[in-house]
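# Coordinate inspection notes
Chain by chain, the residues run as shown.
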Amino acid sequence: MDSVTATSREALESSIASATQGVLGFQQSDGHWVFELEADCTIPAEYVLLRHYLAEPVDAALEAKIANYLRRIQGAHGGWPLVHDGEFDMSASVKAYFALKMIGDPVDAPHMVRAREAIHARGGAINSNVFTRFLLAMYGVVTWRAVPVLPIEIVLLPFWSPFHLNKISYWARTTMVPLMVIAALKPLARNPKGVGIDELFLQDPRSIGMTAKAPHQSMAWFLLFRSLDAILRVIEPLFPKSLRKRAIDAALAFTEERLNGEDGMGAIYPPMANIVMMYDALGKDENFPPRAITRRGIDKLLVINGEEAYCQPCVSPVWDTTLTAHALLEAGGDTAVPAAKQGLDWLIPRQELEVKGDWAVKRPDVRPGGWAFQYNNAHYPDLDDTAVVVMSMDRMRREHGATGYDDAIARGREWIEGMQSDDGGWAAFDVNNLEYYLNNIPFSDHGALLDPPTEDVTARCISMLAQLGETAKTSKHVADGVAYLRKTQHPEGSWYGRWGMNFIYGTWSVLCALNMAGVRHDDPMIRKAADWLASIQNQDGGWGEDAVSYRLDYRGWEAAPSTASQTAWALLALMAAGEVDHPAVARGVEYLIATQNEKGLWDEQRYTATGFPRVFYLRYHGYPKFFPLWALARYRNLRNTNSRVVGVGM
């Protein structure tokens, strides 16, 4: 460490030691890690409204805590944003207002007045999205004319038809199936308090029709699908009752095969809530086992912190555990490595080796071998988790001689290779999910109906294969993946990040993959990316990026205050590109050391992860804990070597 003073060496070592202890303090008794996963106000608001929809006994203490949370995150603009300090969002604001009114906040309270004025100033609640309109239709606020027709008979369509459940993403599939049953039965919320929100509309809410064309939708496609919607609206009541019964039975069979215990179908909130309401509409009471088990699962998503509470969209134990293990393996030491091994051993039995999930429709000959994001989600393992788990297990066996991982690594690798899409990329859950025209149906005003290959997941899969010894010369999978990344680089040098925000995350992911795959550091692709990362460093030495960078009218990276997690990604990316001695890296390291808190961790209010671009964002409470540790330890380790080359895939 020739150019690093003794003082800065000591500061770096102290920072790493403190962060290591901080992260170890969150390990569960069985070895895994799980941190809070926070979205925006919509999930906690929907949770409150679900309870009143079902007329469940009022839990005044819990509702008061959720109300405290909702009031705290209200934006300065009067409404509610999708991210910390973000812009007004209509649907989030309507749901938060509705939930607070349901809890009992008076409409003339200052925060309610501000929210109502903000909603009115933007055209009123008529501008809510499709999902919000479905909720309002179930509450009788709007009529079913305000939502797209979703004939339950869709579940009976053959695979060759233009619309099929396996042509949309897993999250859309699991959400839509129970929702289609609800749309067929058109139930009305019990709503014992009789609360409505007519005051949020500038017209009679029962007079409004369908949503307008969404910005991402093509006018030609939209008009075609709107015409089909109009036709279906006329002929749907004429469908034979026997056909409808057969379709509902098929939807129930689909659901019950995937119920997944208290972890819930898809292990995410929206389908779980829809399933409970579906069974309620079918006349199944609260003791009916599938309904009761799913309902208990929803309560397991609650986070109660003192005087506040919110509901998570899902939980992230596999992701949190494997990423924490990577950070601890980088940190090294007598306490970090055994803790990482305990976490990885916890992951071994969570690999799915039996169930062929929905992904097998397009890859029937591939054996299962992936890991899910959540505790249990057998039908929907994901490639990102699988690649990261395999890399952490491989690192543990190579660097520390640990045994017992070979079979898990081999099956994970086999599954990943079998899940590559035809364009050379990898998606999160599916293969060749490229039916882009479906994002033009009226239901898809969110533009997130599909799960196509993306740069960040593709990079992760390449990183895994390359860490296991493959190169572009020896593996068609790697060669095709690298070619995919070459053609998806943006002119300024960045790559898109689908699951983390955004171009910083994507560029970190890709540079790690290219380095591991043997692409030379002087390759123009890598040089351009490294130069771009250095050019967007903030004055304080950190990096940040705003969610606005996902805008449809692409303008690239959008500046934002520095965060610990995004700074760590940028540092890891530059070091993967061979720039450990770059002044920007030194400044980034100094930023992390300077902003570390007394617990050895980092405070981060901003959202740095993505559920659906422009629609739904995530704040992983673990990100500012393990990513900065990872980056600082990587910096120390590389400066202690002569090669300065990152020898692992992440």
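Because the structure is predicted, anything quoted here is derived from the model rather than measured. (Residues numbered from 1 in each chain as written. Predicted model: local features only at pLDDT ≥ 70, side-chain atom pairs only at ≥ 80, totals over all residues. Heavy atoms only, no water.)

### Some details on the overall build of the protein
Per the secondary structure count, the protein includes 22 helices and seven strands. Taking 650 residues into account, the globule formula puts the C-alpha radius of gyration at 26 Å, and the protein, at 25 Å, falls close to it. Each principal axis of the C-alpha distribution contributes one length, and for the protein these read about 75 × 55 × 50 Å. A burial count over the protein gives 64% of its 650 residues as buried. Excluding contacts between residues fewer than 6 apart, the proportion of contacts in the protein whose partners are at least 24 apart in sequence is 73%. Approximately 23400 Å² of the protein is accessible, and the part contributed by carbon and sulfur atoms is 55%. (Helix = DSSP H or I, 4+ residues; strand = E, 2+ residues; numbered from the N terminus. Rg over C-alpha atoms; globule rule 2.2 N^0.38 Å. Buried < 20%, exposed > 50% of the residue type's maximum accessible area, 1.4 Å probe, protein only. Contact = heavy atoms within 4.5 Å. Areas by Shrake-Rupley, 256 points an atom, 1.4 Å probe, with all protein chains shown as cover.)

### Structural notes on the packing of helix 16 (residues 455–467) against helix 18 (residues 503–516)
For the pair helix 16 and helix 18, the least separation of the axes is 8 Å and the interaxial angle reads 25°. As far as their axial angle goes, helix 18 and helix 16 are roughly parallel. Pair helix 16 / helix 18 crosses with left-handed handedness. Contacts between helix 16 and helix 18 involve Glu455, Asp456, Ala459, Arg460, Ile462, Ser463, Ala466 and Gln467 from the former and Tyr505, Trp508, Ser509, Val510, Cys512, Ala513 and Met516 from the latter. Among the residues forming the contact of helix 16 with helix 18, the class breakdown is nine nonpolar, three polar and three charged. (Axes fitted to C-alpha atoms, helices over the stretch in contact; angles between N-to-C directions. Parallel < 35°, antiparallel > 145°, perpendicular 65-115°, else oblique. Left-handed = near helix turned anticlockwise from the far one by under 90°. Nonpolar A, V, L, I, M, F, W, Y, C, P; charged D, E, K, R; others polar.)

### A closer look at the environment of Pro452
Mapped onto the fold, Pro452 is located in the loop between helix 15 (406–418) and helix 16. In this structure the C-alpha to C-alpha distance between Pro452 and Thr294, which are 158 residues apart in sequence, comes to 29 Å.

### A closer look at the sheet that holds strand 6 (residues 609–612)
Two modes of strand pairing occur in sheets, parallel and antiparallel, and in both the strands are linked by backbone hydrogen bonds. Reading across the sheet, the three strands line up as 1-7-6 and stay open at both edges, with antiparallel pairing between neighbours. Only two strands of the sheet have a single partner each, and these edge strands are strand 1 (37–38) and strand 6. In the sheet, strand 1 pairs with strand 7 (residues 616–620) via two bridges, with the strands oriented antiparallel. Residue pairing for strand 7: Leu37 is matched across the bridge by Tyr620. (Pairing = 2+ DSSP bridges.)

### A short note on the pairing of strand 6
Here strand 6 pairs with strand 7 via three bridges, running antiparallel. Paired with Thr610 across the two strands is Tyr617, which belongs to strand 7. Where strand 6 hands over to strand 7, the hairpin turn is made up of three residues, of which Arg614 adopts a positive phi near 75°.

### Comments concerning the pairing of strand 5 (residues 308–311)
Within a regular strand, the side chains alternate between the two sheet faces. Examined bridge by bridge, strand 4 (residues 302–305) and strand 5 share four bridges and lie antiparallel to one another. When the bridges of strand 5 are listed, Val303 appears paired with Tyr310. Two successive antiparallel strands, strand 4 and strand 5, enclose a turn made up of two residues, where Gly306 displays a positive phi of approximately 60°.

### Let's talk about the side chain of Ser93
Mapped onto the elements of the fold, Ser93 is located in helix 4 (residues 90–103). For Ser93, a relative accessible area of 0% translates into the label buried. Among all residues touching Ser93, those that are not within four sequence positions of it are Gly79, Trp80, Phe88 and Ile119.

### Focus on the packing of helix 20 (residues 564–576) against helix 21 (residues 583–595)
Put simply, helix 20 and helix 21 touch, their axes get as near as 10 Å, and they point 150° apart. As judged from the angle between their axes, helix 20 and helix 21 are roughly antiparallel. Read as a crossing pair, helix 20 and helix 21 show a hand that is left-handed. Here helix 20 contributes Ala564, Thr567, Leu571, Leu574 and Met575 to the contact with helix 21, which in turn contributes Ala584, Val585, Gly588, Val589, Tyr591 and Leu592. Class assignment for the residues of the contact of helix 20 with helix 21 results in nine nonpolar, two polar and no charged.

### Describing the pattern of salt bridges
It is possible for side chains bearing opposite charge to pair when their charged atoms get close. On inspection of all chains with the given rule, the structure shows 44 salt bridges. Among the ionic pairs, Glu435 bridges to Lys362, the shortest N-O distance being 3.5 Å. Of the two residues, Glu435 is situated in the loop between helix 15 and helix 16 and Lys362 in the loop between helix 13 (336–347) and helix 14 (383–400); the sequence distance between them amounts to 73 residues. Notably, a salt bridge pairs Asp480 with Lys476, separated by 2.5 Å at the nearest N-O pair. Of this pair, Asp480 and Lys476 both sit in helix 17 (residues 476–488), separated by four residues, roughly a single helical turn. A relative accessible area of 26% means that Asp480 is categorised as partly exposed. (Salt bridge = Lys/Arg side-chain N within 4 Å of Asp/Glu carboxyl O.)

### Looking at unusual backbone geometry
Backbone geometry at Lys186 places phi at a positive 50°, although glycine is not the residue there. Its location among the elements puts Lys186 in the loop between helix 7 (170–185) and helix 8 (219–235). In the Ramachandran plot, Asn260 falls in the positive-phi region, its phi being about 70° despite a non-glycine side chain. For Asn260, the location among the structural elements is in the loop between helix 9 (241–257) and helix 10 (269–281).

### Quick notes on helix 3 (residues 60–72)
The periodicity of an α-helix, 3.6 residues per turn, causes residues three or four positions apart to be oriented the same way. With 13 residues, helix 3 extends 18 Å between its outermost C-alpha atoms, agreeing within 8% with the 18 Å of an ideal straight helix rising 1.5 Å per residue. Among the residues making up helix 3, those that are buried are Leu62, Glu63, Ile66, Ala67, Tyr69 and Leu70. The buried residues of helix 3 occupy an angular sector of 160° when the element is viewed end-on, so they sit on one face. Of the exposed residues in helix 3, those oriented more than 90 degrees away from the buried face are Ala60 and Ala61. In this structure, the buried residues of helix 3 make contact with strand 1, helix 2 (42–53), strand 2 (80–81), helix 4, strand 4 and strand 5. (Expected span 1.5 Å × (residues − 1). Arc of directions from axis to C-beta.)

### Some remarks on the packing of aromatic side chains
This model, assessed by the stated rule, comprises 32 aromatic pairs. Aromatic side chains Trp569 and Phe627 sit 5.7 Å apart centroid to centroid with 85° between the ring planes, which places their arrangement in the edge-to-face category. In this pair, Trp569 is assigned in helix 20 and Phe627 in helix 22 (residues 623–639), connecting sequence segments 58 residues apart. This pair shows no difference in class: Trp569 is buried, exactly as Phe627 is. With 5.6 Å between their ring centres and 10° between their planes, Phe627 and Trp630 make a pair best called stacked. Placement of the pair is Phe627 and Trp630 together in helix 22, with a separation of three residues, close to one helical turn. According to the relative accessible area criterion, Phe627 is buried, its value standing at 1%. A relative accessible area of 0% places Trp630 in the buried class. In this structure an aromatic cluster arises from ring pairing among Phe26, Phe35, Phe373, Tyr505, Trp508, Trp569, Tyr620, Tyr623, Phe626, Phe627 and Trp630. When the ring centre of Phe254 is taken as reference, the NZ or CZ atom of Arg258 above it lies at 3.8 Å. The ring centre of Phe288 lies 5.1 Å from the NZ or CZ of Lys284, which sits over that ring. (Phe/Tyr/Trp six-rings, centres within 6.5 Å; stacked < 30°, edge-to-face > 60°. Lys NZ or Arg CZ within 6 Å of the ring centre and 35° of its normal.)

### Quick look at helix 4
With 14 residues, helix 4 should cover 20 Å at 1.5 Å per step; its first-to-last C-alpha distance of 20 Å lies within 8% of that length. Counting buried positions along helix 4 gives 14 out of 14 residues, so the element sits mostly inside the fold. The N-cap residue of helix 4 is Asp89: its side-chain oxygen and the backbone nitrogen of Ser91 are 3.3 Å apart. Phi turns positive, to about 125°, at Gly104, one or two residues after helix 4. (Polar contact = N/O pair within 3.5 Å; in protein donor to acceptor, adjacent residues only side chain to side chain.)

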